[in-house]
Amino acid sequence: MRVLIIGAGGAGNVVAKKCAMNKDTFTHIHLASRTVSKCEKIRNEIKEQFSVDIEISALDADNVSDTVTLINQVKPDLVINMALPYQDLAIMDACLETKTNYMDTANYEPIDVAKFEYHWQWAYQDKFKEAGITAILGCGFDPGQTNIYCAYAQKNLFDEIHYIDIIDCNAGDHGKAFATNFNPEINLREVTQNGRYWENGEWVETEPLEFRKMIDYPEVGEKASYLLYHEELESLCQNIKGLKRIRFWMTFGDEYIKHMEVLQNIGMTRIDPVIHNGVEIVPIQFLKTLLPEPSSLSDGYTGKTSIGCVITGIKDGVEKTVLIYNVCDHAQTHKEVGAQAVSYTTGVPPVTGAILMAKGLWGKEPGVWNVEQLDPNPFMEEVAKQGLAWHIKELPCGLGELTERRKDKKAA
Ligand code: NDP
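Residues numbered from 1 in each chain as written. Predicted model: local features only at pLDDT ≥ 70, side-chain atom pairs only at ≥ 80, totals over all residues.

K.L.:
Just to check I follow, could you spell out the overall build of the chain for this structure?
P.N.:
Each helix and strand counted, the chain has 14 helices and 19 strands in total. The C-alpha atoms of the chain give 20 Å as radius of gyration, which agrees with the globular expectation for 412 residues (22 Å, within 12%). Dimensions along the principal axes, computed over C-alpha positions, put the chain at roughly 60 × 55 × 40 Å. Considering the chain as a whole, with its 412 residues, one finds that 49% of them fall into the buried category. (Helix = DSSP H or I, 4+ residues; strand = E, 2+ residues; numbered from the N terminus. Rg over C-alpha atoms; globule rule 2.2 N^0.38 Å. Buried ≥ 20, exposed ≤ 12 C-beta atoms within 10 Å, placed from the backbone.)

See below:
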């Protein structure tokens, strides 16, 4: 398979290196990004560590015609978009024009509205079908692997699924007072917006980080977790049969929340332009310039991520709850590919999906698909080989109702 990877940040680095580690499948690897020096660094590391040659280019993927020109030159079977959600539609347009398959790990988000929804990308369904090409959306860890855990449970473990709680813990320590594990701008836009979950066919909105729960994570222990809106809820509530409720939880340390709230209170997370010394700047973009890049956190990062899905449903007339999860160690991923575990868990699933496409197991039917609409079984088999082992544990019950509000939030 010939592959074009766009985006040479924390997760793009992992995708490029994992492709190089599967050189029998990926016969040609091309990495393109806005800042070409980042591609050069990754190319040199791949040459040194894996003795594989990859090609690189400078590319601004907001420019559709530049991306079309590069695709025509590289002739990839698949474009893996590891740039930012802002580029999704422009890269999908370039794929349509060149009749090339597409994959990403985060759904489209307009730069001037902090709102991530699938409808912009789902609107490409007919065009991709007519062009005979496939787009696979949200193939990172969450979204991505978590959706596939749910699809696996639906296919193999339950007759009907009623409740899903996606639980995401990073119990690592990067040694910085404040840093985000993936792109700071996207991360802060996600965390500072209202929470939302889906119950009995309706969306229920909460204040940002309004609800909190202590959750016991495998290999990590109990951690304070906060209810967030996350994009996989939107597709899973449509694709899991019999579902009554789905929610998403993420851990944040007190230090992270303190910094985030101060930044928010003083206007540093604003996404609208302000005039500074006669020049228009967007505060959150300036903040991103000051914060450490996700790819720079890897050296010396200790601890683990522990992410999974708590799923309650019926099998053979009996209710049961399972947790399907992965645990990933920051120091080990640094050793393997020079990346922290959040970049690693994001980068391994798209490479796994691409391997399934190369084998003809995924992407047989043209159109635009969320990963849970594809066969989960070969993915689960391959992703464990690629570095993300998974486990299934029976639990006595699910996470139950929302009970604990943060002390500083008033009851609604
Ligand atoms: P980084 O900020 O580390 O990397 C983003 C890269 O994209 C940078 O190299 C950046 O270039 C490049 N880029 C930005 N704009 C353009 C453009 N217009 N044209 C070409 N390249 C561009 O972020 P991450 O690696 O942490 O995240 C990458 C993606 O993965 C994001 O979309 C993020 O939302 C998603 N993600 C998904 C997760 C999941 O589990 N599904 C989890 C974590 C992240 P430059 O260096 O010039 O800024």
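This is not the end of the story, as more comes after the structure.
K.L.:
Sorry, what's going on with the packing of helix α13 (residues 341-358) against helix α14 (residues 376-386) here?
P.N.:
Any two packed helices are characterised by the angle at which their axes cross and by the distance between the axes. For the pair α13 and α14, interaxial distance at closest approach is 9 Å and the crossing angle is 125 degrees. For the element pair α13 / α14, the angle class is oblique. Two packed elements cross with a definite hand, and for α13 against α14 that hand is right-handed. For the pair formed by α13 and α14, the contact residues are V348, P349, V351, T352, G353, I355 and L356 on the first element and P378, F379, E382, V383 and Q386 on the second. When its residues are assigned to classes, the contact of α13 with α14 shows 8 nonpolar, 3 polar and 1 charged. (Axes fitted to C-alpha atoms, helices over the stretch in contact; angles between N-to-C directions. Parallel < 35°, antiparallel > 145°, perpendicular 65-115°, else oblique. Left-handed = near helix turned anticlockwise from the far one by under 90°. Contact = placed C-beta atoms within 7 Å. Nonpolar A, V, L, I, M, F, W, Y, C, P; charged D, E, K, R; others polar.)

K.L.:
I keep staring at the sheet that holds strand β2 (residues 28-33) and nothing clicks. Help me out?
P.N.:
Read from one edge to the other, the open sheet built from 7 strands follows the order β3-β2-β1-β4-β5-β6-β17, with strand pairing classed as parallel. A strand with exactly one partner marks an edge of an open sheet, and here the two such strands are β3 (55-58) and β17 (367-370). Across the sheet, the axes of successive neighbouring strands diverge by a mean angle of 15 degrees, strand direction being ignored. Pairing between strand β4 (residues 78-81) and strand β5 (residues 101-104): 4 bridges, direction parallel. Bridge assignment links N81 to a residue of β5, and that residue is D104. (Pairing = 2+ DSSP bridges.)

These figures capture arrangement, not role.
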